[in-house]
Amino acid sequence: MIKCAVSTRKGRFGQALIWGSPKFPVYGKSYLNLDKRKDRVVIVKKLYFGSNLKMYKTVQETTEYLKHLAEQTKDISREEAELFIIPSYTALADARKTVDPAQIKLGAQNMFWEEQGQFTGEISPIMLKELGMDLVMAGHSERRHVFGELDTEENKKVKSALAHNMKALLCIGETGEEKDYGLSPEVLRTQLKIGFHGISQGQIPNLWVAYEPVWSIGVNGTPASADYAEEMHKLIKQTLKELFGKPSKEIPVLYGGSVNPQNAEQLIAMPSIDGLFVGRAAWEADKFAQLIRRAIKARKANQPA
Ligand code: 13P
């Protein structure tokens with residue numbers, strides 16, 4: 001059902017935001033692109049592009065990176081593509097002063113779920129909210145596998161982020177061993193069902209998911225094939241539907257793990273992949289901007305006419 005139609009831009013293309021469509025069962029937020037030259041309406045799905053800066057980049061490097069990225073992506077419609085960057089804790093305050101949230105959303109790589117207390121070395125949701133963070137990541141594979149975090153802990157982080165009105169980006173993914181045993185569906189379903197346990201339909205607008213197979217991440221990772229990623233994304237969307245019903249189609253599901261300029265277009269062309277969560281290939285602003293641009297083009301080329 002078309003819920004609302006807003007046209008704010010003038011020029012060759014009129015634009016209208018829609019959620020879902022009677023003709024094309026698109027998933028996630030979408031917008032209508034009214035191509036007047038060709039006299040047709042194209043339904044284009046909103047895409048998401050983000051980078052986790054991990055334990056790289058100082059405060060100065062982060063702010064320079066953000067300035068460049070904002071500059072090099074300023075012509076990209078944020079109705080078409082949502083951009084987000086997740087710097088390290090020390091850079092968050094300066095990062096917030098550097099970019100407008102309407103241009104680039106900012107998030108934290110981790111968070112403790114309590115508001116305050118005797119938790120030495122931890123950062124609370126109140127502290128992140130104070131810095132103007134838009135989102136919090138929970139369950140990145142490096143948190144799970146290097147620091148031994150559990151699904152039940154990711155669930156507490158997700159709930160806490162939502163309670164403080166920040167988006168929760170839940171990362172899930174199977175290890176290479178689990179994949180070899182044929183356990184990927186079970187692992188992903190478990191991580192989703194525990195990670196989102198006790199969350200209501202009303203909180204859907206603040207939920208994001210990143211599928212990042214552990215075997216695909218980092219310098220020793222092998223990128224997932226677009227077909228394999230699509231298969232897992234379908235399973236993730238099906239599980240989200242079991243958890244939240246039909247409105248679950250609003251939850252963007254991003255792929256991450258050795259995304260690079262060679263595979264980005266193939267991945268984003270897949271119907272169940274709503275965005276790309278990029279590490280190394282995004283850490284130079286001009287290269288990331290180019291990757292985003294090419295991915296948007298590839299996705300548009302695969303829209304139903
Ligand atoms: P790489 O793209 O460097 O494999 O990292 C992906 C990642 O971990 C994003 O969170």
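Scroll up a little and you will see the structure.
Summarised in this report is the structure supplied together with it.

Conventions used here
- Residues numbered from 1 in each chain as written.
- Predicted model: local features only at pLDDT ≥ 70, side-chain atom pairs only at ≥ 80, totals over all residues.
- Heavy atoms only, no water.
- Near = heavy atom within 4 Å.
- Polar contact = N/O pair within 3.5 Å; in protein donor to acceptor, adjacent residues only side chain to side chain.
- Areas by Shrake-Rupley, 256 points an atom, 1.4 Å probe, with all protein chains shown as cover.
- Nonpolar A, V, L, I, M, F, W, Y, C, P; charged D, E, K, R; others polar.
- Helix = DSSP H or I, 4+ residues; strand = E, 2+ residues; numbered from the N terminus.
- Buried < 20%, exposed > 50% of the residue type's maximum accessible area, 1.4 Å probe, protein only.
- Pairing = 2+ DSSP bridges.
- Right-handed = clockwise from strand over helix to strand, strands pointing away.
- Core = buried A, V, L, I, M, F, W, Y, C linked by side-chain atoms within 4.5 Å.
- Contact = heavy atoms within 4.5 Å.
- Salt bridge = Lys/Arg side-chain N within 4 Å of Asp/Glu carboxyl O.
- Phe/Tyr/Trp six-rings, centres within 6.5 Å; stacked < 30°, edge-to-face > 60°.

1. Quick word on the site of the ligand
Around the ligand, the neighbouring residues are Asn52, Lys54, His140, Glu212, Ile217, Gly218, Gly257, Ser258, Phe277, Gly279 and Arg280. Here Glu212 contributes a side-chain N or O atom positioned 3.0 Å from an oxygen atom of the ligand. Contact between the ligand and Gly218: an oxygen atom at 2.8 Å from a main-chain N or O atom of the residue. With the chains in place, 100% of the 310 Å² that the ligand exposes on its own is no longer accessible. In terms of residue class, the shell around the ligand is made up of two nonpolar, six polar and three charged.

2. Brief notes about unusual backbone geometry
Even without glycine at this site, Asn165 takes up a positive phi of about 60°. Mapped onto the fold, Asn165 is located in the loop between helix H5 (151–163) and strand S8 (167–172). Unusually for a residue other than glycine, Ser258 sits at a positive phi of about 55°. For Ser258, a relative accessible area of 12% translates into the label buried.

3. Some remarks on the pairing of strand S7 (residues 135–138)
Residue alternation in S7 divides its side chains into two sets, Leu135 and Met137 and Val136 and Ala138, and both sets are buried. As paired strands, strand S6 (residues 105–108) and S7 are joined by two bridges and run parallel to one another. Bridge pairing in S7 links Ala108 to Val136. Crossover handedness for the path S6 to helix H3 (residues 125–130) to S7: right-handed.

4. Describing the nonpolar core
Counting 68 residues, the largest nonpolar core has Phe49, Phe196 and Leu276 as the members making the most contacts within it. The leading source of residues in this core is helix H8 (residues 226–244), at eight residues. Beyond its immediate chain neighbours, meaning those up to four positions away, Phe49 contacts Ala81, Glu82, Leu83, Phe84, Leu276, Phe288, Ile292, Ala295 and Ile296. Tyr48, Leu135, Met137 and Leu254 belong to the second largest nonpolar core, which has eleven residues in total.

5. Considering the pattern of salt bridges
For the coordinates displayed, the defined rule picks out 15 salt bridges. Between Lys105 and Glu82 there is a salt bridge, with the nearest N and O atoms lying 3.2 Å from each other. You can see Lys105 sitting in strand S6 and its partner Glu82 sitting in strand S5 (residues 81–86), a full 23 residues away along the chain. A residue is classified by how much of its surface remains accessible, and Glu82, at 12% relative accessible area, is buried. Sharing partners across several salt bridges, the network here consists of Lys46, Glu82 and Lys105.

6. Here's the deal with the packing of aromatic side chains
Under the defined criterion, the tally for this structure stands at nine aromatic pairs. Both rings, one in Tyr48 and one in Trp208, keep their centres 5.2 Å apart while their planes meet at 75°; by these two values the pair is edge-to-face. Here Trp208 lies in strand S9 (residues 207–211) and Tyr48 lies in strand S4 (residues 47–52), a separation of 160 residues in the sequence. Owing to a relative accessible area of 3%, Trp208 belongs among the buried residues under this scheme. Ring geometry for Trp215 versus Tyr228: centroids 5.7 Å apart, planes at 65°, classification edge-to-face. Taken together, the positions of Trp215 in the loop between S9 and H8 and Tyr228 in helix H8 put the pair 13 residues apart, joining distant regions of the chain. By the burial criterion, Trp215 is buried, and Tyr228 matches it. Each member of the aromatic cluster is reached from another via a ring pair, and the members are Tyr48, Phe84, Trp208 and Phe277.

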